[in-house]
Every structure is written in C-alpha cells, then in structure tokens.
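This is what each chain is made of:
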Amino acid sequence: MSENLEPNIVEMRKKINMMKEDRHQYKREAFIEVYEEYVHMLEAQLEKMSRV
C-alpha cells in the first residue's frame with residue numbers, strides 16, 4: 001500500500017513547490033505594480049511642483 005502512496009506524496013510535494021513558486025511570483029508582480037504606481041504618483045507630484 002505504501003507503494004501506491006509514494007507517487008501521490010511526490011506529486012503533492014511537486015504541487016506544493018509549484019504553489020510556493022507561484023506565490024513568490026505573485027508577490028513580485030504585486031510589488032512591481034505598487035512600485036510603478038508610487039513612481040507615477042511622485043512624477044505627478046513633481047510635475048505639479050514644477051508648475052508652481
């Protein structure tokens with residue numbers, strides 16, 4: 001019976017690792033998106049300051 005479980009355990013570990021990698025990728029993408037918004041906000045603020 002343990003032979004039947006081994007492939008399932010291996011597949012579960014692969015799935016967990018893939019999910020962890022996906023999570024890290026999503027965090028990177030979210031950080032980049034927030035960073036770009038912040039840079040855009042600063043550029044807009046600088047433009048306003050330049051007009052005054």
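Since the structure is predicted, the reported quantities are computational estimates derived from the model, not experimental observations.

> It is not clear to me how the overall build of the protein chain should be interpreted in this structure. Could you clarify?
Looking only at helices and strands, one finds 1 helix and 0 strands in the protein chain. On C-alpha atoms alone, the protein chain measures out to a radius of gyration of 23 Å, which is more than a quarter above the 10 Å that the 2.2 N^0.38 rule sets for 52 residues. Projected onto the principal axes, the alpha-carbon positions of the protein chain cover approximately 75 × 5 × 5 Å. Across the 52 residues that make up the protein chain, the buried fraction comes to 0%. The positive charge centre, built from 9 side chains, and the negative charge centre, built from 11, are 4 Å apart in the protein chain.

> Would you mind going over a nonpolar patch on the surface with me for this structure?
Together, F31, I32 and Y35 line one region of the surface with nonpolar side chains, adding up to about 350 Å² of accessible area. Tracing the sequence through the fold places Y35 in helix α1 (residues 2–51).

> I'm lost on the pattern of salt bridges in this one. Help?
Pairing is possible between side chains of opposite charge, provided their charged atoms come close. Per the counting criterion, the structure on display carries 2 salt bridges. A salt bridge links E11 to K14; the shortest N-O distance between them is 3.8 Å. Of this pair, E11 and K14 are both found in helix α1, 3 residues apart, which corresponds to roughly one turn of the helix. Accessibility expressed as a relative area gives 47% for K14, which makes it partly exposed.

> Can you walk me through the environment of K20 in this structure?
One can find K20 in helix α1. Assessed through its relative accessible area of 43%, K20 is described here as partly exposed. Sequence separation between K20 and E36 is 16 residues, and the spatial gap between their C-alpha atoms is 24 Å.

Thresholds applied
- Residues numbered from 1 in each chain as written.
- Predicted model: local features only at pLDDT ≥ 70, side-chain atom pairs only at ≥ 80, totals over all residues.
- Heavy atoms only, no water.
- Helix = DSSP H or I, 4+ residues; strand = E, 2+ residues; numbered from the N terminus.
- Rg over C-alpha atoms; globule rule 2.2 N^0.38 Å.
- Buried < 20%, exposed > 50% of the residue type's maximum accessible area, 1.4 Å probe, protein only.
- Lys, Arg positive; Asp, Glu negative; His and termini not counted.
- Charge placed at Lys NZ, Arg CZ, Asp CG, Glu CD.
- Patch = residues over 30% accessible without salt bridge, like charges linked within 9 Å, V, L, I, M, F, W, Y side chains within 5 Å.
- Areas by Shrake-Rupley, 256 points an atom, 1.4 Å probe, with all protein chains shown as cover.
- Salt bridge = Lys/Arg side-chain N within 4 Å of Asp/Glu carboxyl O.

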